[in-house]
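Results of the structural survey
So you can see what is in the structure, the chains are spelled out below.
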Amino acid sequence: MSTATTQLRAWALCLAELGWHVFPLQPGRKVPALHGLKSCPRTGICAEQHQGWEQRATTDPDRIARCWAETPYNVGLATGRSGLLVVDCDQPGHAHRMPDGWNTLGITTGAGVLASLVRRSGEPWPETYTVATPSGGTHHYFRAPAGFRNTAGTLGPLVDTRAGGGYVVAPGSITPEGFYNLLDDTEPADPPVWLRRAAAPRPSPALSAPREIAPARLSGYVAAAVRAETARVTAAESGRQNRTLYEAALALGRLVAGGAVDDATVRTALHRAMSRLPLTRPHEPWTAEQIDTTVDSAFRAAAHNPRTLTPRGNAA
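Residues numbered from 1 in each chain as written. Predicted model: local features only at pLDDT ≥ 70, side-chain atom pairs only at ≥ 80, totals over all residues. Heavy atoms only, no water.

Description of the overall build of the chain
Per the secondary structure count, the chain includes 10 helices and 11 strands. Expressed as a percentage of its 316 residues, the buried residues of the chain come to 44%. A sequence separation of at least 24 residues applies to 74% of the contacts in the chain between residues at least 6 apart. If you sum the accessible surface of the chain, you get close to 15,600 Å²; carbon and sulfur atoms cover 51% of it. (Helix = DSSP H or I, 4+ residues; strand = E, 2+ residues; numbered from the N terminus. Buried < 20%, exposed > 50% of the residue type's maximum accessible area, 1.4 Å probe, protein only. Contact = heavy atoms within 4.5 Å. Areas by Shrake-Rupley, 256 points an atom, 1.4 Å probe, with all protein chains shown as cover.)

Topic: the sheet that holds strand 1 (residues 22-25)
In spatial order, the strands read 1-2-8; together these three strands make up an open sheet with antiparallel pairing. Of all strands in the sheet, those bounded by a partner on one side alone are strand 1 and strand 8 (167-169). Across the sheet, the mean angle from the axis of one strand to that of its neighbour is 35°, orientation sign disregarded. Here three bridges tie strand 2 (residues 74-78) to strand 8, and the two strands are oriented antiparallel to one another. Bridge pairing links Ala78 to Tyr167 in strand 8. Seen against the sheet, helix 1 (residues 3-17) touches strand 1 and strand 2 and runs at an angle of roughly 15° to strand 2. (Pairing = 2+ DSSP bridges. Axes fitted to C-alpha atoms, helices over the stretch in contact; angles between N-to-C directions.)

Examining the packing of helix 8 (residues 241-257) against helix 9 (residues 263-275)
Between helix 8 and helix 9, whose axes approach to 10 Å, the crossing angle comes to 160°. Classed by the angle they form, the pair helix 8 and helix 9 counts as roughly antiparallel. Where helix 8 crosses over helix 9, the two elements pack in a sense that is right-handed. Residues Leu245, Ala248, Ala249, Leu252 and Val256 of helix 8 touch helix 9, and the partners they reach there are Asp263, Val266, Leu270 and Met274. Of the residues that constitute the contact of helix 8 with helix 9, the class distribution is eight nonpolar, no polar and one charged. (Parallel < 35°, antiparallel > 145°, perpendicular 65-115°, else oblique. Left-handed = near helix turned anticlockwise from the far one by under 90°. Nonpolar A, V, L, I, M, F, W, Y, C, P; charged D, E, K, R; others polar.)

Points about helix 7 (residues 220-234)
The end-to-end C-alpha distance of helix 7, which contains 15 residues, comes to 21 Å, matching closely the 21 Å that a straight helix rising 1.5 Å per residue would cover. Among the structural elements, helix 8 and helix 9 are those in contact with the buried residues of helix 7. (Expected span 1.5 Å × (residues − 1).)

Side note on unusual backbone geometry
Here the phi dihedral of Leu158 falls at roughly 65°; this positive angle occurs in a residue that is not glycine. Positionally, Leu158 belongs in the loop between strand 6 (151-156) and strand 7 (159-162). Given the relative accessible area of 6%, Leu158 is considered buried.

Notes on helix 8
Its 17 residues give helix 8 an end-to-end C-alpha distance of 24 Å, which sits within 8% of 24 Å, the value for a rise of 1.5 Å per residue. Burial in helix 8 covers these residues: Gln241, Thr244, Leu245, Tyr246, Ala248, Ala249, Leu252, Gly253, Leu255 and Val256. Positive backbone phi, approximately 85°, marks Gly259, located one or two places after helix 8.

Below you can see the structure in the form of structure tokens.
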């Protein structure tokens, strides 16, 4: 067994001892090393239903030892199953442009945005479990209030959260950029009140009685974009519905990230569009949780490439 494999296995076992559910990521990468839905063999653990990384994440030391016996898998940590809310402060990527309001304050990083939010709140930032990412970002771990899910850019640009339906790359993992290093091994604290409020889950719209969007509250461009993308979702062919939902959420998520429209308005519109789809699986309609999982994923990607509007309402 290589030194890297030994160290990664030790990290996976250590995290499991804390009661945190782990699963393998591809060596040197940040993506799960488990088969996806499309390539699911429908055998073994997936015989009755496909089991994704969140369902297969474990604290079982025997399973962990077998998984990390030969291959230096990076370690993924399923935040929701582990009862964690992780605040992810990132560095700007090459395609990301910080909104002007933050630039004028001299704030260019997720850490800077978080520091500004903390100052405004008037609450002290608690000592808590903290990990440094290879790109210069940080992951701050907190105990998760029940029902919390991922957010992308809701708190501010370059600041996301991971909770139910999400995962983070755990300390000890290695990518071409470098290591995920543990900065503070303090037990995860309760999130500050302002963070709980800002990241609190919004009620999922009922699929049987979806709410209408109020077009007057949106710019003409944004209202047209929402109508076009939701129409595309409603017209999606069988087998491409989830992919179409992701593509629509990605396009609209860029407007959310740019501040042109709020998260709740877009999310409600997409739920409404999905509620109009014919059932391709007679025994199981689309659930709000399934829709939110896809939308969350698209919003995370969109947050790195926001689309701002000019005063005339045209996309920039």
